[in-house]
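Spelled out, the chains give:
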Amino acid sequence: MIASNTAAPVLELRDVSKSFGPVVALRSGSLRVDAGSIHALVGENGAGKSTLVKVVAGVHRRDTGTFELGGEPVDFSSTAESKQAGIAVIYQEPTLFPDLSVTENIFMGRQLLSRGRRIDRQAMYAEAEGLFTRLGVRIDPRRPAEGLSIADQQIIEIAKAISLDARLLVMDEPTAALSGVEVERLFAVARSLRDEGRALVFISHRFDEVFALADTVTVMRDGAYIDTRRIDETSPSELVSLMVGRDVDDLFPKVPAEIGAPVLQVRGLNRAGVFHDIDLEVRAGEIVGLAGLVGAGRSEIARAVFGVDRYDSGSVSVAGKPVKGHDPRSAIRAGMAFIPEDRRKQGLVIDSSVTRNVAGVIRRGIAKAGLLTSAMEHRAAGPWAATLEVKTSALDMTAATMSGGNQQKVVIAKWLATGPKLLIIDEPTRGIDVGTKAEVHRLLSELAGQGLAILMISSELPEVLGMADRVLVLCEGRITAELDRADATPEAVMHAATHHLEAAR
Amino acid sequence: MSHTDIERPDAESSEVSASEALLVEPSRLSPTRRVLTTVLRSRELSIFLVLVAVVVLATAKNESFLFSSDGWRNFLLNPSILVLLAVGQGVVIITRNVDLSVGSVMALTAYLTGRLFIEQPGLPVVVVLAACLLLGAVLGLVNGALVAYGNVPALVITLGTLYIYRGIMLTWAGSDRINAGDLPREFLRLGTRAVLGVPILTIIALVVLAAVGYYLHTARGGRELYAIGSDPDAAVLYGLAVRRRVLAAFVLSGALAGLAGALYTARYGTVSSSVGNGIELQAVAAAVIGGIAIFGGSGTVWGAAIGAFLLVTINRALPSLGIEDFWQRAVVGALILGAIVLDRVLAARQARRLAESRDHA
């Protein structure tokens, strides 16, 4: 091993910060990675890990702080520069070109050339074949990237990084969608890269992986560096307390509510290649959490239930009455409300005032003779915004200028105005700073208390465990576990989220 | 995801259709069969067969459609200018953009050609062609810079420059017309002469087509254009020079439109203010009919060129088949709609097949 304390570290970040408008994504990130080391980076979702990675990758430019590579200060303004400097990043969600072949995806931008600067397809196919053999997978190098499973897409990303011969390899939850065998294979490759003297940064939520693979671990919380430990001098429980830093129960105050009759009933919902045999039920006053890894099909199911996307077979009914598929309007009429993941894009008319946003969905109800005046809109929207304590001094403020937490509340207000029986909410607190998260949670909990049925999708395990009365776990488009609040431990959920039904049996 | 670890049990025995295999596991086919299946299933071939059918029909009705010196010449010569435009347009569309200003660029350089010969009668033809290429490239550069750096959709930018460039041409030309008498005979011969029965204009168009087609298929830069069109965000993450490539695509489109303007003057001898009106839409149509996906990322300029041939040939064939003017346009419209619908259907079918192959694995 080349690692030594005297040599300059491959990567050193000190007090790096990054804000997006009013949202501080990274307050003070620090990270020091030596050559020949696998360095784990852990922290809750929203702790700033992904932002830190994107600074290293050149996707974002840091606002303040130092950033050194091999002892040299660097300042990347593009991903090309970081690549040039020998940094390869494998993102959580793979980014491939669907129209192009797998091989082209691996070599794009640095294709092998033969005489006359022609790209040498045969050589690339051969090398891709070699890479796949080394990774122990069977993917046809000539097939298009379109239609590959998330696991296979990850493999392509990894093959790409390996072929790049990078000196620093950053993996942002690379194992999130891999099966046990594939994880082992990846680890073997990671170790061999480490033994070649490369530095690896490994982001994972799974402590067993962190302890199996890494030699050093850095903990982040709320956008800041907390501590770095050698892996043999720490324990999972110590890492958890460093990561959380506060009591989970305070964060997610779900008040017990009386659970009533079933509101949403989904039977045998299928969509080829996306999800299969989905049965679920949400009762009045109940919060059902839909957990699973990125790409497991959670959002897709929500969108299909609400009718945004079509499904091949199965049925959806609200309060016993069937709801037509692929028709959001009939879903709204049946009493469904849907708050999508990316509220800026899908749930909120970002350049309109709060009033307009809230009144938008109920305009039919409040309009007179098909006309809508702002006075009418104000009358209809006022009470809702007040109930939700949206901190907008004037309801005329445009939604774009508000914080993430307040935007989310406006979106919720917008849907509550329709008087729904069921609320489907996808990633309710993504991109919301920690202080405001609790308010969103309190609101959801109160709404459940008033008898609303809530189907909540969340990638944040503590959020799911803290809020949900029942947790459904998805893996590769199938429900692999249904856990009551009492049985829902992080281990149980993660186990179900990473194991196929077949494997679990 | 098990199909990545384990040999599929049916790997040996299966007789899945060649098209299915081509999609999921092309390497299982023998190289010859792979090439054959790819060609047989290519959009270029089917559009070429449509072209052949049109020519055969028209020739059966009227033998001189193809088998007369005029018929043969028109068959090759008429589409040449549109081929140039369609090639440029194709490259731009592959990057998920569009260039609507090519007609106006062509008008400007067509007029420039005449103007240059009037001002400097002794000017060598090559210099004039180079000047037109240059002016076209500069106008394309303006488009490209606005699209790549202004982050405004190409549709809006080039719609704007369509009017601006046309306005410049109208102001510059005034009520002037360029007539054949203003042009040197040597230049006009460029538009009519043929080598071994193939008009020079056609040769120029085919050489350009071959060069661009070769570049797109075999050069890094060419493949990056496809990548950018396939997923622009991913292209940024890959560290590709997205802006530079998009800029270059527009410069190429502009330069080819510039060349087309000069060749237009050589071919027709007269330049009025309405030169190239609406031809940009024909260029887009040719590219789309030829199999270039309107959202970028797939298709070839070969297809675009065949599409251009088909459009022009249909326009020439329908009257001789005795079809009314209204129906002539409707046929072209149906062709475009058909091409787009076919694209969507094929894409959806491919996505479903790929998804199913994943489920069955």
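Residues numbered from 1 in each chain as written. Chains lettered and ligands numbered in written order. Predicted model: local features only at pLDDT ≥ 70, side-chain atom pairs only at ≥ 80, totals over all residues. Heavy atoms only, no water.

Check the secondary structure of chain A and you find 20 helices and 20 strands. Burial statistics for chain A: of 505 residues in total, 56% are counted as buried. Taking the intrachain contacts of chain A between residues at least 6 apart in sequence as the baseline, contacts between residues at least 24 apart amount to 66%. Surface exposure of chain A reaches about 20200 Å², of which carbon and sulfur atoms provide 51%. (Helix = DSSP H or I, 4+ residues; strand = E, 2+ residues; numbered from the N terminus. Buried < 20%, exposed > 50% of the residue type's maximum accessible area, 1.4 Å probe, protein only. Contact = heavy atoms within 4.5 Å. Areas by Shrake-Rupley, 256 points an atom, 1.4 Å probe, with all protein chains shown as cover.)

Let us now look at the packing of aromatic side chains. What the rule picks out here adds up to 10 aromatic pairs over all chains. Note on Phe187 of chain A and Phe202 of chain A: the rings are 5.8 Å apart at their centroids and 85° apart in plane angle, and the pair reads as edge-to-face. Note that Phe187 of chain A is positioned in helix H6 (residues 180-195) and Phe202 of chain A in strand E8 (residues 199-203), a separation of 15 residues in sequence. Arranged with centres 4.7 Å apart and planes meeting at 45°, the rings of Tyr264 of chain B and Tyr268 of chain B form a pair that is tilted. Here Tyr264 of chain B pairs with Tyr268 of chain B, and both are found in helix H13 (residues 242-268), just four residues apart, close to one helical turn. By relative accessible area, Tyr268 of chain B is classed as partly exposed at 41%. One aromatic cluster is present, built from ring pairs that chain together Trp72, Phe75 and Phe309 of chain B. (Phe/Tyr/Trp six-rings, centres within 6.5 Å; stacked < 30°, edge-to-face > 60°.)

On to the nonpolar core, then. Residues and elements named next belong to chain A. In terms of nonpolar packing, the biggest core is built from 150 residues, with Phe97, Ile106 and Phe132 touching the most fellow members. Ile106 has contacts with Ala128, Leu131, Phe132, Ile156, Ala159, Lys160 and Ser163, leaving out every residue within four places of it along the chain. Listed in part, the 51 residues of the second largest apolar core include Leu280, Ala331, Leu447 and Ile479. (Core = buried A, V, L, I, M, F, W, Y, C linked by side-chain atoms within 4.5 Å.)

Moving on to the pattern of salt bridges. All names here are of chain A. The full count for this structure, using the stated rule, is 26 salt bridges over all chains. Notably, a salt bridge pairs Glu12 with Arg14, separated by 3.2 Å at the nearest N-O pair. In this structure, Asp312 and Arg310 form a salt bridge, with 2.7 Å as the shortest nitrogen-oxygen distance. For Arg310, a relative accessible area of 40% translates into the label partly exposed. Here the salt bridges share partners, and the residues they tie into one network are Glu12, Arg14, Arg32, Asp34 and Glu68. (Salt bridge = Lys/Arg side-chain N within 4 Å of Asp/Glu carboxyl O.)

Facing the 42 residues of chain B at the interface are 48 residues of chain A. Summed over the shared surface of chain B and chain A, the result is one salt bridge. For Arg223 of chain B, the salt bridge identified is with Glu104 of chain A, shortest N-O distance 2.6 Å. Linking chain B with chain A are 11 residue pairs in polar contact (both at pLDDT 80 or more). Looking at the side of chain B that touches chain A, the elements that each hand over two or more residues are helix H1 (18-24), helix H10 (200-218), helix H11 (220-230), helix H12 (232-237) and helix H16 (325-360) of chain B. Of all the elements, H16 of chain B adds the most residues to the side of chain B that touches chain A, at seven residues. Its residues placed into classes, the side of chain B that touches chain A shows 19 nonpolar, 10 polar and 13 charged. (Polar contact = N/O pair within 3.5 Å; in protein donor to acceptor, adjacent residues only side chain to side chain. Nonpolar A, V, L, I, M, F, W, Y, C, P; charged D, E, K, R; others polar.)

This next bit is on helix H5 (residues 80-94) of chain B. Residue and element names in this part refer to chain B. With 15 residues, H5 should cover 21 Å at 1.5 Å per step; its first-to-last C-alpha distance of 21 Å lies within 8% of that length. Of all 15 residues making up H5, 15 are buried, and the element is well covered by its neighbours. In the stretch just after H5, Arg96 is the one whose phi turns positive, near 65°. (Expected span 1.5 Å × (residues − 1).)

Before going further, it helps to examine the confidence of the model for chain A. All names here are of chain A. Per-residue confidence for chain A gives a mean pLDDT of 81; residues scoring 70 or more make up 79%. Per-element mean pLDDT across chain A ranges from 45 in helix H20 (residues 501-504) up to 93 in strand E18 (residues 453-457). Throughout residues 1-5 the model reports pLDDT below 50, and contacts reaching past four residues in sequence, or to other chains, amount to eight contacts. Within the model, the stretch residues 501-505 combines pLDDT values under 50 with two contacts to residues more than four positions away or in other chains. (pLDDT = per-residue confidence, 0-100.)

Bringing the sheet that holds strand E15 (residues 321-322) of chain A into the picture now. Residue and element names in this part refer to chain A. The sheet built from four strands is open, its strands ordered E12-E11-E14-E15 with antiparallel pairing. What marks the edges here is a single partner per strand, and that holds for strand E12 (275-283) and E15. Two strands pair when backbone bridges link them, and strand E11 (residues 262-271) and strand E14 (residues 313-318) are joined in this way by five bridges, in the antiparallel orientation. Bridge pairing in E14 places Leu264 opposite Val318. (Pairing = 2+ DSSP bridges.)

Below, the discussion takes up the side chain of Thr109 of chain B. Considering the arrangement of structural elements, one finds Thr109 of chain B in helix H6 (residues 102-119). Apart from the residues lying within four places of it in its own chain, the contact partners of Thr109 of chain B are Cys132, Leu135, Gly136, Ala257, Gly258, Gly261 and Ala262 of chain B.

Let us now look at the packing of helix H7 (residues 125-150) of chain B against helix H8 (residues 154-173) of chain B. Residue and element names in this part refer to chain B. It is at 9 Å that the axes of H7 and H8 come closest, and there the two elements cross at 145°. Classified by chirality, the crossing of H8 by H7 is right-handed. In this structure, H7 contributes Leu139, Val142, Asn143, Leu146 and Val147 to the contact, and H8 contributes Ala154, Ile157, Thr158, Thr161 and Tyr165. Of the residues that constitute the contact of H7 with H8, the class distribution is seven nonpolar, three polar and no charged. (Axes fitted to C-alpha atoms, helices over the stretch in contact; angles between N-to-C directions. Left-handed = near helix turned anticlockwise from the far one by under 90°.)

A word on the sheet that holds strand E17 (residues 422-426) of chain A. Residues and elements named next belong to chain A. Overall, mixed pairing links the six strands, which are arranged E16-E17-E18-E13-E19-E20 in an open sheet. Each edge of the open sheet is held by one strand with a lone partner, namely strand E16 (336-339) and strand E20 (478-484). Neighbouring strand axes in the sheet, compared pairwise and without regard to direction, differ in orientation by 15° on average. Pairing of strand E19 (residues 470-475) with E20, which is carried by six bridges, proceeds in the antiparallel orientation.

Here the focus is unusual backbone geometry. Residues and elements named next belong to chain A. At Asp277, a position not held by glycine, the phi torsion is positive, near 45°. Among the secondary structure elements, Asp277 is positioned in strand E12. Residue class for Asp277 comes out partly exposed when judged on its relative accessible area of 46%. One non-glycine residue, Ala319, lies in positive phi territory at about 50°. Of note, Ala319 is situated in the loop between E14 and E15.

A surface patch of nonpolar side chains, amounting to about 330 Å² of accessible area, comprises Phe48, Leu49, Val52 and Val56 of chain B. Within the secondary structure, Phe48 of chain B is located in helix H3 (residues 43-61). (Patch = residues over 30% accessible without salt bridge, like charges linked within 9 Å, V, L, I, M, F, W, Y side chains within 5 Å.)

What follows concerns the environment of Leu483 of chain A. The residue Leu483 of chain A is located in strand E20 in this model. A sequence separation of 277 residues divides Leu483 of chain A from Arg206 of chain A, and the C-alpha atoms of the two residues are 19 Å apart.

Let's shift gears to the packing of helix H4 (residues 69-77) of chain B against helix H15 (residues 301-320) of chain B. Between two packed helices, the angle of one axis relative to the other and the distance separating the axes together describe the packing. Residues and elements named next belong to chain B. Between H4 and H15, whose axes approach to 9 Å, the crossing angle comes to 140°. Relative to H15, H4 is oriented oblique. Counted together, Gly71, Asn74, Phe75 and Leu76 of H4 and Phe309, Thr313 and Arg316 of H15 form the full contact between these two elements. For the contact of H4 with H15, a count of residues per class yields three nonpolar, three polar and one charged. (Parallel < 35°, antiparallel > 145°, perpendicular 65-115°, else oblique.)

Let us now look at the pairing of strand E4 (residues 64-69) of chain A. Successive side chains on a regular strand alternate, one facing one side of the sheet and the next facing the other. Residue and element names in this part refer to chain A. When strand E1 (residues 11-20) meets E4, the two strands line up antiparallel, connected through five bridges. Across the sheet, Leu11 pairs through a bridge with Leu69, a residue of E4. For E4 and strand E5 (residues 72-73), the ladder comprises two bridges, and the chain directions are antiparallel. Bridge pairing links Glu68 to Pro73 in E5. What sits between E4 and E5 in their antiparallel hairpin is a turn of two residues, with Gly70 showing a positive phi close to 60°.

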